[in-house]
Amino acid sequence: MSAPSRRPLYRCTPPIIAGLLALALAACQTQAPRPGIQIPVGSDSASRSSAVQLLHSARGLPSPERDRQRLQAAAILYKLGDNTTAKQAVTGIEAKQLNDVQYAQYAQVYGSLLAAEDEFFRALDLAAAPRLENAWLQLPPETALPLRDLRADLWGLLGDLDSAIAERRQIAALARDERDIAANNDGFWQLLTQLPSSELQLRAAESTDSIMRGWYQLALLGRDTQTDISSQLAALSRWRQQWPLHSASRQPPQALQLLEQLATQSADRIALLLPLSGPLGSAGRAIRDGFMAAYYTALDSGAPTPNIQVYDTGTQQPFEEIYQSAVDNGAQVIVGPLDKSKVANLLATEKLPVPTLALNYAGNWGDSGRLTDDLVQFGLAIEDEARQVAQHAYRQGHRQAMILASDAGWGQRGAEAFTEEWLLLGGTVSISRNHRDNSNFSQLISDALLIPDSKARESALRSKLAAPLKFTPRRRGDVDMVFVLAQPQQARQIKPMLTYFYAGDLPVYATSQVYSGEVNPNRDRDINGVRFTALPWLFESDNRTKQNIERQAAPAPAFARLYALGADAFRLFPRLPMLRQFPQQRVHGLTGALSLSADGRIVREQIWARIEKGAPVPVTTASEPAPGDEPMELSGYSETF
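Fair warning: this is a prediction, and the values are worked out from it, not measured in the lab.

Asks: What should I look at first to understand the sheet that holds strand β10 (residues 531–534) in this one?
Replies: Across a sheet, strands are paired by hydrogen bonds formed along the backbone, either parallel or antiparallel in direction. One open sheet accounts for seven strands, arranged β7-β6-β8-β9-β10-β14-β15; its pairing is mixed. Two strands bound the open sheet, and with one partner strand each, they are β7 (428–435) and β15 (615–618). Pairwise comparison of adjacent strand axes, ignoring direction, gives a mean angle of 25° for this sheet. Sheet topology note: the strand β9 (residues 508–510)/β10 ladder contains two bridges and is parallel. Looking at the pairing, Tyr509 lines up with Arg531 of β10. On top of the sheet, helix α19 (residues 409–425) reaches β6 (400–406), β7 and β8 (481–485); it is set at about 165° to β6, its chief contact. Across the sheet, helix α20 (residues 441–448) is in contact with β6 and β7; its angle to β7 comes to roughly 165°.

Following this line, the structure appears as structure tokens:
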């Protein structure tokens, strides 16, 4: 799902080998559309002048005629892209004077305008107003469908996948036009492919709704990045035989249509350039083993597989010589290197002889990448996760952030990326504090929440009053969410301290580093309630590549993400041409939903998880807004300390 920030998050990447394009479509999804594009009132030929005339003549009309005319004008103006004037028109409407059909049109137009300004909760309040629940049967399809589409988009953006899926199910029952059916099927696909495979399998087994059972089974095909395109086409053919009357059988999602339309071709010779010795040797070997695990999974399934040649870049031999040797030996695609300095060397090279998928990012995150199609950078950037947290928290309605970041390099980069994205979206950072492994977290969090100031005010007031005081310190009031960049041992101290110092009502968001990767309820119950961006690896227990890795290597949790990176690199390189040609698509891997920016960087969007009873669970519903603070009573005084 795409974020509605001012910056397009998912763009495209280079054609590596023309025939590889078909392979790219095996595990992709359509990006979420912007809410509220379709307008149920007004006509395509409507002009600004007619809208202005409607507004002018509405001034002399009594309600409800005045409100109906303003609504018609607002719809025309929004369709023409004049949101400012459209909002001026719609905010002057007395909604109570409208009948149910008109109110539904009003909710659609006004909700779309609010969504365009990132006011997602206000938009959803309109689109899901209680008045509408008893009016659906009275609404004509041309009114009900775009309103339901807006509701589905908003729930999806806010992370309430279950409500969004349920709304798509309602749309499926109403849609008759082929374009409406196709658009809704793309919406279904976009939502369902966000769910982990284990969740899709569970729902497919337990659902009593035959249509949804078919959707869950189809989405599993989209989540499967383990097989080649021919195997997936065969699986799709079997699915269609099983579900011949299913809507998606007649109108497949765009990703599957592209999958069927494009021819397949694969690279025959791949060079894997990684440090197998030296300081980065352990990381390089983990990535290599993950890459080869994916290779053998494909080989075992009967898929056509390339010849893999591995080169050690951890030796004293100059990297340029190693790279050229791989080219001279016939490599059609190069995967690697891992070392940042070597990636920087490639980035500085005017033209590379073969398409290259580097496994790290060169330079700082804000630096320009590469606009040519010969180099793509792919890694486990903390910046991706931090920006994802900012976008998600902002959509959840939060605006005032507290940042508690590790003073390690990754923590500082994450804090910087979050702050940049948060400010761009329109949020504010009320306070930012760094911590170390040996920090006094009690003092750090107490000071950050201004608890000493509250106690000082209480002491001053107590000295002036003879009456006894009932006193509870108050935390600062200019924070409505906390962003934590911490390792598990740090987070297990931070979360209880937030509760202890009267901030237990604040939602806490974190990056994947907050969870160790091993289920340990006794220790992780201290971080219950924390929401974090999680590698899909955590929940893909049936993934054959992951099973092979765990059986052969039994990687420590700290190295699991490197194995996942290697496995995703194997699945990603043949799909890169698709990501350039079809920027709305994403490839689902063990490290996240992968897309490509215009400057050649892979952007990862991880799934959302929450710690419950000391264990991580995937998030499919929206969280409740944090309750507001009630003023404390102080012997007749209402005082916030």
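Asks: I'm lost on the sheet that holds strand β13 (residues 602–605) in this one. Help?
Replies: Ordered in space as β11-β12-β13, the three strands form an open sheet in which the pairing is antiparallel. Unpaired on one side and paired on the other, β11 (587–588) and β13 mark the two borders of the sheet. In this sheet, strand β12 (residues 593–596) lies alongside β11 in antiparallel orientation, the contact comprising two bridges. Considered in β12, the bridge of His588 is made with Ala593.

Asks: Please clarify how the nonpolar core should be interpreted in this entry.
Replies: Most often, soluble globular proteins have nonpolar side chains that are buried together. Ranked by internal contacts, the top residues of the largest apolar core, which has 64 residues, are Tyr103, Tyr106, Leu132, Leu154, Ile165, Leu192 and Leu218. The element that contributes the greatest number of residues to this core is helix α4 (residues 100–116), accounting for nine residues. Not counting the four nearest positions on each side in its chain, Tyr103 is found in contact with Ala95, Leu98, Leu126, Ala129, Arg131 and Leu132. Of all hydrophobic cores here, the second largest spans 48 residues; its members include Leu535, Leu562, Leu576 and Phe582.

Asks: Mind showing me how you'd approach the pattern of salt bridges here?
Replies: Pairing between side chains becomes possible if they bear opposite charge and their charged atoms approach one another. The full count for this structure, using the stated rule, is 25 salt bridges. Note that Arg203 is salt-bridged to Asp162, the shortest N-O span being 2.8 Å. With Arg203 in helix α10 (residues 197–206) and Asp162 in helix α8 (residues 161–174), this residue pair connects regions lying 41 residues apart in the sequence. Among the residues examined, Arg203 registers a relative accessible area of 15% and is labelled buried.

Asks: I keep staring at the pairing of β7 and nothing clicks. Help me out?
Replies: Residues in a regular strand project their side chains so that they alternate between the two faces of the sheet. Pairing geometry for β6 and β7, over seven bridges, is parallel. What sits directly across from Ile403, in β7, is Ser432. What joins β6 to β7 is α19, and the crossover it makes is right-handed.

Asks: Got a minute to help me understand the confidence of the model for the chain in this structure?
Replies: The predicted coordinates ought not to be read in detail in places where the model reports low pLDDT. Scored by pLDDT, the chain comes out at a mean of 84, with 83% of its residues at no less than 70. Overall, residues 1–46 carries pLDDT values under 50, and its contacts beyond four positions in sequence, including any with other chains, amount to 191 contacts.

Asks: What exactly am I supposed to notice about the environment of Val484 here?
Replies: Along the chain, the position of Val484 falls in strand β8. The residues touching Val484, leaving out its near neighbours within four places in the chain, are Leu404, Ile494, Val508, Tyr509, Ala510 and Thr511.

Asks: Hey, could you run me through helix α16 (residues 319–328) in this one?
Replies: Helical periodicity: at 3.6 residues per turn, an α-helix aligns residues three or four positions apart in one direction. Every buried residue belonging to α16 is among Phe319, Ile322, Tyr323, Ala326 and Val327, and all of these are buried. Seen from one end, α16 has its buried residues packed into an arc of 140°, which puts them on one side. Gly330 occupies a position one or two residues after α16 and carries a positive phi of about 95°.

Asks: Explanation requested: the side chain of Ser197 in the structure shown.
Replies: Considering the arrangement of structural elements, one finds Ser197 in helix α10. Taking the relative accessible area as the measure of exposure, Ser197 reaches 10% and is therefore buried.

Asks: I'm lost on the environment of Arg68 in this one. Help?
Replies: Structurally, Arg68 can be placed in helix α2 (residues 65–79). Distance in space between the C-alpha atoms of Arg68 and Leu98 is 7.3 Å, their sequence separation being 30 residues.

Asks: What should I look at first to understand unusual backbone geometry in this one?
Replies: Only a minority of non-glycine residues have a phi that is not negative, and only a minority of peptide bonds are not trans. With an omega of 10°, the peptide bond between Ser63 and Pro64 qualifies as cis. Each neighbour pair has its own omega, and for Gly336 with Pro337 the value is 5°, a cis peptide bond. Within the secondary structure, Pro337 is located in the loop between β3 (333–335) and α17 (340–348). Although it is not a glycine, Asp118 adopts a positive phi angle of roughly 65°. Here Asp118 shows up in the loop between α4 and α5 (120–127). Among the residues examined, Asp118 registers a relative accessible area of 5% and is labelled buried.

Asks: Any chance you could explain the packing of α2 against helix α3 (residues 83–90) here in plain terms?
Replies: Helix-helix packing is described using two parameters, namely the angle between the two axes and the distance between the axes. At a minimum axis distance of 8 Å, the contact between α2 and α3 shows a crossing angle of 165°. On the basis of their axis angle, the class for α2 and α3 is roughly antiparallel. Considering the relative orientation of α2 and α3, their crossing is left-handed. Between α2, through Arg70, Ala74, Leu77 and Tyr78, and α3, the contact on the second element is made entirely by Asn83, Thr85, Ala86, Gln88, Ala89 and Val90.

Asks: Looking at this structure, I do not really get the packing of aromatic side chains. What am I missing?
Replies: Given two aromatic rings, their pairing is described by the distance between the two centres and the angle made by the two planes. Taken as a whole, this structure holds 14 aromatic pairs when the rule is applied. Pairing Phe291 with Phe570 gives two aromatic rings, centres 5.3 Å apart and planes at 90°, and the pair type is edge-to-face. With Phe291 in helix α15 (residues 281–300) and Phe570 in helix α25 (residues 557–572), this residue pair connects regions lying 279 residues apart in the sequence. Assigned by exposure class, Phe291 and Phe570 land together as buried. Pairing Tyr295 with Tyr296 gives two aromatic rings, centres 5.0 Å apart and planes at 80°, and the pair type is edge-to-face. Under the relative-accessibility criterion, Tyr296 is labelled partly exposed at 45%. Here the aromatic cluster, defined as three or more aromatic residues joined through ring pairs, consists of Phe291, Tyr295, Tyr296, Phe570 and Phe573.

How each quantity is defined
Residues numbered from 1 in each chain as written. Predicted model: local features only at pLDDT ≥ 70, side-chain atom pairs only at ≥ 80, totals over all residues. Heavy atoms only, no water. Pairing = 2+ DSSP bridges. Helix = DSSP H or I, 4+ residues; strand = E, 2+ residues; numbered from the N terminus. Axes fitted to C-alpha atoms, helices over the stretch in contact; angles between N-to-C directions. Contact = heavy atoms within 4.5 Å. Core = buried A, V, L, I, M, F, W, Y, C linked by side-chain atoms within 4.5 Å. Buried < 20%, exposed > 50% of the residue type's maximum accessible area, 1.4 Å probe, protein only. Salt bridge = Lys/Arg side-chain N within 4 Å of Asp/Glu carboxyl O. Right-handed = clockwise from strand over helix to strand, strands pointing away. pLDDT = per-residue confidence, 0-100. Arc of directions from axis to C-beta. Parallel < 35°, antiparallel > 145°, perpendicular 65-115°, else oblique. Left-handed = near helix turned anticlockwise from the far one by under 90°. Phe/Tyr/Trp six-rings, centres within 6.5 Å; stacked < 30°, edge-to-face > 60°.

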